[in-house]
Amino acid sequence: MTARQTTDTMPLLRVQNLQTHFLTRFGAVKAVDGVDLELAPGEILGLVGESGSGKSITGFSILGLIDPPGRIVGGSIEFDGRDLLAMKERELRRLRGNDIAVVFQDPSMTLNPVLRVDTQMIEAIQAHETVSSAAARQRARDVLVKVGIPSPDERLRCYPFELSGGMRQRIAIAIALLNRPRLIIADEPTTALDVSIQGQIIHEVRELCRETGTALIWVTHDLAVIAGLADRIAVMYAGRIVETGETDEIIHHPMHPYTRGLIDSVPSGSTRGARLHQIEGMTPSLLELGEGCAFRDRCHRATEQCRETPGVTSLGNTREFRCWHPETGGDQ
Amino acid sequence: MSAFVINRLLQAFFVLLVMSVLVFVGIYLVGDPISMLVSPEATDLERDAVRESFGLDRPIFVQYITFLGSALQGDFGRSFLTGEPALQLILERMPATVELVGFAMFFSVVIGVPLGIIAGLRPEATFSKVIMTGSIFGFSLPTFWVGMVLIMLFAVQLGILPTSGRGETVQVGPIELSILTLDGLRHLILPALTLGLTKASLIIRVTRAATREIQAMDYIKFARAKGLSSSRILRVHLLKNVLIPIITVAGLEFGQALAFAVVTETVFSWPGMGKLLIDSILTLDRPVVVAYVLIMVLFLVLLNLVIDLLYMVIDPSSREKVRD
Ligand SMILES: Nc1ncnc2c1ncn2[C@@H]1O[C@H](COP(=O)(O)OP(=O)(O)OP(=O)(O)O)[C@@H](O)[C@H]1O
Ligand code: SF4
Ligand SMILES: [Mg+2]
């Protein structure tokens, strides 16, 4: 299913029916099984789902960074009108870090421990442009200032282990921004940080993206994190997008029982102190997913009909979900 | 940093002291050298005279204290057999061994690291499986056997390489080198190959394991995501990290081989220190054995220090630990 744009501009990214499977000894793990996504230039999309729902694999598929035994077995990915799946590795390499950048979850592991920060920043620029090291260094310095790093010259000379986790993640974000990409995929970039730094970084990234017109896919399992950040939200479950829509709509009128469950498990002002509702059960094994709604074993609205895979229902321009019995009736 | 070095040197001194006692007592227990020093027909009187002249009649701890006193002044005593200073005997033999082991280690790193990386990057490829199977043979076959086979093949069957001695040498200052003459080099090949084969197998396995581990790291994926070329990722991001365990292993192996290249040197009659050690043990030439072991301990301790310093150059986070 595709979330259509409110505007008529050509989408920056269009993912259709993406299928990325891991061919393991025990069978095919369908980590991503028919994902559709669309992103306008400058738009911020929150990609939410429990652990193992396929969020990271979706991101890596877009970058062409799926390693065996994983393989993209179907679908299409278009970026700026170009078919990424048809691209040669050389062309993809030119795109990575230049047009599409990423930030990973764990800041302690994304920077190479034996290389200084300046080395790792300068090489990211020089991989895409012929510039002198001095010029590249200057640019690296400027971006560090932009992401709020004090005394950047000193930080440039540091090794990663000499910096705090928050500082490292800022540097990772700075690296993503270095070449002014059109799209940043941020894969749970604040999960490993403490809450106050989390808030700061989210705020800064949002400002930077707005400023430069960079589109952003913010991957998280925490709905609360992106409620104040994203223009649109896509909810992922067991390798599929089960619901997408504008942030306000999703938060206030969830259609899919799984989205509802996610929202109910977020602590908020009114529910503070009260017992939080948790979605019962676990994500099903992606190995033995058969026909039918993958959520049905955990769904309080499930019926016989849910043994068949629900199709996409569209509501208005930007709202879609995959459920036979949506929360608010689906008929408004 | 200098505190670190001084600390290590103090430790080394302590280790040497303990080792000297152990070796001294050990060699005392191995056998009585008198029987090697006098003819079998010698009378008891003659025996006692010889015993006395070497100071062997005194209690062991007195012998030890005497030895320690001179050793602290750099005098390790004289060989019972030749009368030459033990230290000089060992140092004379050192260049031959350093040459052999250095060449073997060079060979094993130059061969082992690239093969290990290939096997680590493409674990499923047939070529990688061939490398790994080969490396199992490489280090499970005993050195003397490998030496014999190489001799059979290149010397006996093909008759293209010599099998014994150093060949023609060149005098460089006080040191004699084989590596500078063609003949010397030809003599060096088989023993170095014999020794290097085991080492190369080990380096291959260490490199492969490190490569696989590093390859799966987030920072490698991040480097790819930055759009770096695969050659830069390999040369800079991967290799620098893989080198950390390799330096440790290669360094320790180098020390081990240098101190105890006994088998290879015996098989190829290579006139190095290992040959000297085995000869001295067989003739119960106590001063040489004791001096040898102590010098090797000193050498290994210093080598460890050098490895640690190198380590700090490559792995910046290890510098941190040293500061405290
Ligand atoms: N190398 C692999 N081999 C087999 N299965 C894999 C492999 N990598 C990922 N998967 C499977 O793909 C599924 C999706 O993984 P993914 O990392 O995208 O989840 P995620 O939504 O990002 O979760 P998290 O919140 O924990 O990061 C997982 O269930 C996992 O079992
Ligand atoms: S399709 Fe059925 S099982 Fe699936 S979420 Fe909707 S009601 Fe629940
Ligand atoms: Mg993930």
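Cut-offs and rules
- Residues numbered from 1 in each chain as written.
- Chains lettered and ligands numbered in written order.
- Predicted model: local features only at pLDDT ≥ 70, side-chain atom pairs only at ≥ 80, totals over all residues.
- Heavy atoms only, no water.
- Helix = DSSP H or I, 4+ residues; strand = E, 2+ residues; numbered from the N terminus.
- Buried < 20%, exposed > 50% of the residue type's maximum accessible area, 1.4 Å probe, protein only.
- Contact = heavy atoms within 4.5 Å.
- Areas by Shrake-Rupley, 256 points an atom, 1.4 Å probe, with all protein chains shown as cover.
- Lys, Arg positive; Asp, Glu negative; His and termini not counted.
- Charge placed at Lys NZ, Arg CZ, Asp CG, Glu CD.
- Near = heavy atom within 4 Å.
- Polar contact = N/O pair within 3.5 Å; in protein donor to acceptor, adjacent residues only side chain to side chain.
- Expected span 1.5 Å × (residues − 1).
- Bend = angle between axes of the 7 residues up to and from the residue.
- Pairing = 2+ DSSP bridges.
- Buried area = accessible area lost by both parts, 1.4 Å probe.
- Salt bridge = Lys/Arg side-chain N within 4 Å of Asp/Glu carboxyl O.
- Nonpolar A, V, L, I, M, F, W, Y, C, P; charged D, E, K, R; others polar.
- Core = buried A, V, L, I, M, F, W, Y, C linked by side-chain atoms within 4.5 Å.

Check the secondary structure of chain B and you find 14 helices and two strands. A principal-axis box enclosing the C-alpha atoms of chain B has dimensions of 85 × 60 × 35 Å. Going through the 324 residues of chain B one by one, you find that 41% of them count as buried. For chain B, the share of sequence-separated contacts (at least 6 apart) that also reach a separation of at least 24 residues comes to 72%. Entry remark: accessible area of chain B is about 16300 Å², with carbon and sulfur atoms responsible for 68%. With 25 positive and 25 negative side-chain charges, chain B shows a separation of 18 Å between the mean positions of the two kinds.

So, on to the site of ligand 1. Residue and element names in this part refer to chain A. Around ligand 1, a shell composed of 13 residues is seen, among which S51, G52, K55, S56 and I57 lie nearest. The backbone of S53 places a nitrogen or oxygen atom 3.2 Å from an oxygen atom of ligand 1. Within the contact set of ligand 1, an oxygen atom lies 2.9 Å away from a side-chain nitrogen or oxygen of K55. Protein chains bury 67% of the 630 Å² of accessible surface belonging to ligand 1 in isolation. At the level of elements, β1 (13–24) and α1 (55–63) are the ones that each hand at least two residues to the shell around ligand 1. With three residues, the top contributor of residues to the shell around ligand 1 is α1.

With 34 residues, helix α8 (residues 182–215) of chain B extends just 42 Å between its outermost C-alpha atoms, more than 12% less than the 50 Å of an ideal straight helix rising 1.5 Å per residue. The largest bend in α8 of chain B amounts to roughly 30 degrees and is located at G196 of chain B.

Let us look at the environment of D118 of chain A. All names here are of chain A. With respect to the element layout, D118 can be found in helix α4 (residues 117–126). In this structure the C-alpha to C-alpha distance between D118 and E154, which are 36 residues apart in sequence, comes to 9.9 Å. Not counting residues up to four positions away in its chain, the partners in contact with D118 are R137, L156 and R157. Here the side chain of D118 touches R137 through a polar contact of 3.1 Å, side chain to side chain.

Moving on, we come to the sheet that holds strand β2 (residues 27–39) of chain A. Residue and element names in this part refer to chain A. The antiparallel open sheet is built from four strands, whose spatial order is β2-β1-β4-β5. The open sheet has two edge strands, β2 and β5 (82–83), and neither has a second partner. Pairing of β1 with strand β4 (residues 70–79) involves eight bridges; the strand directions are antiparallel. By the bridge assignment for β4, R14 is matched with E78.

Attention shifts here to the interface of chain B and chain A. Of the residues lining the interface, 23 residues belong to chain B; the matching set on chain A comes to 26 residues. Summing both sides of the interface, chain B and chain A together bury roughly 2300 Å²; the carbon and sulfur share of this comes to 63%. Between the two partners, chain B and chain A, sit three salt bridges. In this structure, E123 of chain A engages K226 of chain B in a salt bridge whose closest nitrogen and oxygen atoms are separated by 2.8 Å. At the junction of chain B and chain A, the tally comes to twelve residue pairs in polar contact (both at pLDDT 80 or more). Counting residues per element, the ones that place at least two in the side of chain B that touches chain A are α9 (218–225), α10 (230–259) and α14 (316–323) of chain B. For the side of chain B that touches chain A, the residue count by class is nine nonpolar, five polar and nine charged.

Here we come to the nonpolar core. In terms of nonpolar packing, the biggest core is built from 96 residues, with L13, I62, I100, M121, L183, I217 and W218 of chain A touching the most fellow members. Of all the elements, helix α7 (residues 165–177) of chain A adds the most residues to this core, at eight residues. In contact with M121 of chain A, not counting residues within four places along its chain, are A140, L144, L156, A174, I175 and L178 of chain A. With 52 residues, the next largest nonpolar core counts F67, A250, A261 and I295 of chain B among its residues.

With that out of the way, let us pick up the side chain of T110 of chain A. Tracing the backbone shows T110 of chain A in helix α3 (residues 107–110). A residue is classified by how much of its surface remains accessible, and T110 of chain A, at 0% relative accessible area, is buried. Among all residues touching T110 of chain A, those that are not within four sequence positions of it are F104 and A172 of chain A together with D218, Y219 and F222 of chain B.

So, about unusual backbone geometry. Looking along the chain, the bond that leaves P68 of chain A and enters P69 of chain A is cis, with omega of 10 degrees. Mapped onto the elements, P69 of chain A comes out in the loop between α1 and β4. A positive phi angle is found at A238 of chain A, which is not glycine, with a value near 45 degrees. Structurally, A238 of chain A can be placed in the loop between β9 (232–237) and β10 (240–246). Although it is not a glycine, S269 of chain B sits at a positive phi angle of roughly 45 degrees. Assignment of secondary structure puts S269 of chain B in the loop between α11 (262–267) and α12 (273–282).

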